[in-house]
Amino acid sequence: MKKIAVLTSGGDAPGMNACIRAVVRTAIFKELEIYGISYGYEGMINGRIKRMHSYSVSNIIQRGGTILKSARSEEFRTKEGRKKAYEQLKAFGIEGLIVIGGDGSFTGAKIFFEEYGIPTVGCPGTIDNDIYGTDYTIGFDTAVNTALEAIDKIRDTAAAHDRIFFVEVMGRDSGYIALECGIGGGAEFVMIPETSTDLRQVTKSLKNLRKSKSSSIIVVAEGDEEGGADEIMEKVKAKINDPDKEFKVTTLGHIQRGGNPTARDRVLASRCGMAAVEGLISGEQNCMAGIVNGEVVYTSFDDCINKTKHLKDDHLKLIEILSI
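Residues numbered from 1 in each chain as written. Predicted model: local features only at pLDDT ≥ 70, side-chain atom pairs only at ≥ 80, totals over all residues. Heavy atoms only, no water.

Chemist: Explain the overall build of the chain to me, please; I cannot follow it from the model alone.
Modeler: Across its full length, the chain carries 11 helices and 11 strands. For 324 residues, the compact-globule estimate of 2.2 N^0.38 gives 20 Å, and the C-alpha radius of gyration of the chain, at 22 Å, lies within 12% of that figure. Seen along its three principal axes, the alpha-carbon backbone of the chain occupies a region of about 70 × 35 × 30 Å. Expressed as a percentage of the 324 residues in the chain, the buried residues total 51%. Considering only contacts within the chain whose residues lie at least 6 apart along the sequence, 75% involve residues at least 24 apart. Element-wise, carbon and sulfur atoms account for 46% of the exposed surface of the chain, whose accessible area totals about 14500 Å². (Helix = DSSP H or I, 4+ residues; strand = E, 2+ residues; numbered from the N terminus. Rg over C-alpha atoms; globule rule 2.2 N^0.38 Å. Buried < 20%, exposed > 50% of the residue type's maximum accessible area, 1.4 Å probe, protein only. Contact = heavy atoms within 4.5 Å. Areas by Shrake-Rupley, 256 points an atom, 1.4 Å probe, with all protein chains shown as cover.)

Chemist: Looking at this model, I keep getting lost on the nonpolar core. Mind explaining?
Modeler: Nonpolar side chains in soluble globular proteins tend to be buried together. Of all hydrophobic cores here, the largest spans 59 residues; its most connected members are Ile98, Cys181, Ile217 and Val219. With nine residues, the top contributor of residues to this core is helix α5 (residues 140–161). Not counting the four nearest positions on each side in its chain, Ile217 is found in contact with Ile151, Ile154, Arg155, Ala158, Phe165, Val167, Ala187, Glu188 and Phe189. (Core = buried A, V, L, I, M, F, W, Y, C linked by side-chain atoms within 4.5 Å.)

Chemist: Sorry if this is basic, but what is going on with the pattern of salt bridges here?
Modeler: Pairing between side chains of opposite charge can happen when their charged atoms approach one another. Inspection of every chain in the model, using the stated rule, returns 19 salt bridges. Notably, a salt bridge pairs Asp198 with Arg200, separated by 3.9 Å at the nearest N-O pair. Note on Asp198: relative accessible area 40%, which makes it partly exposed. Each of Lys3, Glu33 and Arg51 takes part in salt bridges that share partners, so that together they form one network. (Salt bridge = Lys/Arg side-chain N within 4 Å of Asp/Glu carboxyl O.)

Chemist: I keep staring at the packing of helix α3 (residues 79–92) against helix α4 (residues 103–116) and nothing clicks. Help me out?
Modeler: Pairs of packed helices are described in terms of their axes, by the angle between the two and the distance that separates them. Taken N-terminus to C-terminus, the directions of α3 and α4 make an angle of 70 degrees; their axes are 11 Å apart at the nearest point. Comparing the axis directions of α3 and α4 gives the class roughly perpendicular. Residues Lys79, Arg82, Lys83, Ala85, Tyr86 and Leu89 of α3 pack against Ile111, Phe112, Glu115 and Tyr116 of α4. Classifying every residue of the contact of α3 with α4 gives six nonpolar, no polar and four charged. (Axes fitted to C-alpha atoms, helices over the stretch in contact; angles between N-to-C directions. Parallel < 35°, antiparallel > 145°, perpendicular 65-115°, else oblique. Nonpolar A, V, L, I, M, F, W, Y, C, P; charged D, E, K, R; others polar.)

Chemist: How should I be thinking about the environment of Thr66 in this particular structure?
Modeler: You can see Thr66 is positioned in the loop between β3 (49–52) and α3. Residue classification places Thr66 among the buried residues on the basis of a relative accessible area of 13%. C-alpha separation for the pair Thr66 and Cys19, spaced 47 residues apart in sequence, amounts to 9.5 Å. Of note is the side chain of Thr66, whose polar atom sits 3.1 Å from the backbone nitrogen of Leu68. (Polar contact = N/O pair within 3.5 Å; in protein donor to acceptor, adjacent residues only side chain to side chain.)

Chemist: Can you help me understand the packing of α5 against helix α6 (residues 176–184) in this one?
Modeler: Where α5 meets α6, the axes come as close as 9 Å, and the angle between the chain directions of the two elements is 50 degrees. Taken as axis vectors, α5 and α6 run oblique relative to one another. In the crossing of α5 with α6, the sense of the turn from one axis to the other is right-handed. Contact residues: α5 offers Phe140, Ala143, Val144, Ala147, Leu148 and Ile151, while α6 offers Tyr176, Ile177, Glu180, Cys181 and Gly184. Class assignment for the residues of the contact of α5 with α6 results in nine nonpolar, one polar and one charged. (Left-handed = near helix turned anticlockwise from the far one by under 90°.)

Chemist: So what exactly am I meant to see when it comes to the sheet that holds strand β7 (residues 189–191) here?
Modeler: Pairing between the strands of a sheet is mediated by backbone hydrogen bonds and can be parallel or antiparallel. Taken in spatial order, the four strands make up an open sheet running β7-β8-β6-β9, and their pairing is parallel. Strands at the two margins of the open sheet, each flanked by one partner only, are β7 and β9 (246–251). Ignoring which end each strand starts from, the neighbouring axes of this sheet average 20 degrees apart. Both β7 and strand β8 (residues 216–221) contribute to a ladder of three bridges, which runs parallel. Each residue of the ladder has a partner; that of Met191, found in β8, is Val220. Strands β6 (163–169), β7 and β8 of the sheet are contacted by α6, whose axis makes an angle of about 160 degrees with β8. (Pairing = 2+ DSSP bridges.)

Chemist: How should the packing of aromatic side chains be read in this particular structure?
Modeler: Note on aromatic pairs: each is described by the distance of the centres and the angle between the planes. Inspection of every chain in the model, using the stated rule, returns eight aromatic pairs. Where Phe76 meets Phe112, the ring centres are 5.6 Å apart and the plane angle is 45 degrees; that geometry is what we call tilted. Taken as a pair, Phe76 in the loop between β3 and α3 and Phe112 in helix α4 lie far apart in primary sequence, 36 residues in all. Classification of Phe76 as buried rests on a relative accessible area of 4%. On the accessibility criterion, Phe112 (1% relative accessible area) is buried. (Phe/Tyr/Trp six-rings, centres within 6.5 Å; stacked < 30°, edge-to-face > 60°.)

Chemist: How should the sheet that holds β3 be read in this particular structure?
Modeler: As summarised here, the arrangement of the seven strands in space is β3-β2-β1-β4-β5-β10-β11, forming an open sheet in which the pairing is mixed. Strands with a single pairing partner mark the edges of an open sheet, and in this sheet they are β3 and β11 (295–300). Ignoring which end each strand starts from, the neighbouring axes of this sheet average 30 degrees apart. Where strand β1 (residues 3–8) meets strand β2 (residues 33–37), five bridges bridge the pair, whose relative direction is parallel. The residue bridging Leu7 from the neighbouring strand is Ile37, located in β2. Lying over the sheet, α3 contacts β1, β2 and β3, oriented at roughly 35 degrees with respect to β3.

Set out below in structure tokens:
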């Protein structure tokens, strides 16, 4: 193997640039030619491929987003689109591929490998931390700290006015962000997709909490089965039915994807990027390079996509105990 390429796909995550940097410089250290593909699979189809050098990734480790850009590609979902992408890679002589992204990106990589056999290794780049085969994903720690900083500030104003705040964080299918920033932020309740939300119990508990606490923070993952923070707030407000109680909603949204990556994310991204290149060289393919219990592991795309990464029971218990 002499030439490999790297792309970022799906939603951006803080630390993707650190991963790109590690891929590029590890490839150069291993005497490989390394190419960057802009705009993910869409860029692969359109030949947006350029040779990268050590200086191409200077001064990016601290930056959020991705210098290679990211884009959704409907065309790559078709056989015709994937054929175009393959022809572009062959035109550049590219023999191996590194994909930084989440399970959707890995699904595309898996199909592409099965059709054309180009060795591919993934790096787990998503703030949701929902990929099986790695303890943490690139961007998760930064997203949690961004949300936590906002929650700390919201608690100040909540306490000043004796208000109940519902704070919505990202997590359409995963409650990892909500759970960790809920524990770190001292939230009274955390509502996540993995567990059922009993609004009657929430309402009862809030009434009891109001006897000893002047304000409350409820963290809501956007994918909770009862709805987003706005919808849940209206339901709880109607059940409590007290005009003297003030309810507010804050939706943190895409600020969780931006910002300078934390040290933890920079190190994780660098380790995964280096492991992806080394994996390609040693014959790994159709898999993801992750970190489990501090060690590099390679997990098949099949497992990454189809196996569920479960929340830790003790984290759920912490919320229940510490909110009293």
